[in-house]
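Summary of the model geometry
Each chain, written out:
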Amino acid sequence: MYLYPDILTLEHLKKLKHLEKFLPYFDIPLQHISSDLLKKMGRFYDTDSIYKFLDFILSNFENPFIRTNFIIGFPGETSQHHQELMNFIKK
């Protein structure tokens, strides 16, 4: 099951943190990091919310595993958008 970023909230993550038997595996289809491109894709989240989710996960779960996927070549994606995504992935 995916934890879609437009539905996932920090409150959901806080609840998961308190589960006694929880494997910290998060399958979150981020799809891109550029707020501009996410808006063109019709997504209801942005760069800031992605960083908030990831920062919370990394600081609140022991040995978290994050799986995601990205869309490359979306109509309107510029080389700047692509480079922003590559920088994010490297980080």
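This text gives an overview of the structure that appears in the document. All values derive from a computational prediction rather than experimental measurement.

Turning our attention to the packing of aromatic side chains. Enumeration according to the criterion identifies eight aromatic pairs in this entry. Plain terms: the ring middles of Phe70 and Phe88 are 6.2 Å apart, the flat faces sit at 85° to each other, and that makes the pair edge-to-face. Of the two residues, Phe70 is situated in the loop between β2 (65–67) and α4 (79–90) and Phe88 in helix α4; the sequence distance between them amounts to 18 residues. What makes Phe70 partly exposed here is its relative accessible area of 27%. Classification of Phe88 by relative accessible area gives buried; the value is 12%. In textbook terms, an aromatic cluster arises when at least three aromatic residues are bridged by ring pairs, as seen for Phe22, Phe26, Phe56 and Phe61.

Note that soluble globular proteins tend to have their nonpolar side chains buried in a common cluster. Ranked by size, the top nonpolar core spans 19 residues in total, and within it Leu13, Phe26, Ile50 and Phe88 carry the most contacts. Only α1 (10–17), α2 (35–40), α3 (47–60) and α4 provide two or more residues apiece to this core. At five residues, the largest contribution of residues to this core is made by α3. Those residues in contact with Ile50, other than ones at most four positions away along the chain, are Leu30, His32, Ile33, Leu38, Tyr45 and Phe88.

Per the counting criterion, the structure on display carries four salt bridges. The closest approach of N and O atoms between Asp27 and Arg67, which form a salt bridge, is 2.9 Å. With Asp27 in strand β1 (residues 25–27) and Arg67 in strand β2, this pair connects stretches of sequence that are 40 residues apart. According to the relative accessible area criterion, Asp27 is buried, its value standing at 10%. Across the pair Lys40 and Asp36 runs a salt bridge whose closest N-O atoms are separated by 3.8 Å. Taken together, the residues span about one helical turn, with Lys40 and Asp36 both in helix α2 at a distance of four residues. Given a relative accessible area of 39%, Asp36 falls into the partly exposed group.

Before going further, it helps to spend a moment on α3. Over its 14 residues, α3 runs 20 Å from end to end, which matches the ideal 20 Å to within 8%, given 1.5 Å per residue. For α3, the complete set of buried residues consists of Thr47, Ser49, Ile50, Phe53, Leu54, Phe56 and Ile57. In the core, the buried residues of α3 are packed alongside α1, β1, α2, β2 and α4.

Rules used throughout
- Residues numbered from 1 in each chain as written.
- Predicted model: local features only at pLDDT ≥ 70, side-chain atom pairs only at ≥ 80, totals over all residues.
- Heavy atoms only, no water.
- Phe/Tyr/Trp six-rings, centres within 6.5 Å; stacked < 30°, edge-to-face > 60°.
- Helix = DSSP H or I, 4+ residues; strand = E, 2+ residues; numbered from the N terminus.
- Buried < 20%, exposed > 50% of the residue type's maximum accessible area, 1.4 Å probe, protein only.
- Core = buried A, V, L, I, M, F, W, Y, C linked by side-chain atoms within 4.5 Å.
- Contact = heavy atoms within 4.5 Å.
- Salt bridge = Lys/Arg side-chain N within 4 Å of Asp/Glu carboxyl O.
- Expected span 1.5 Å × (residues − 1).

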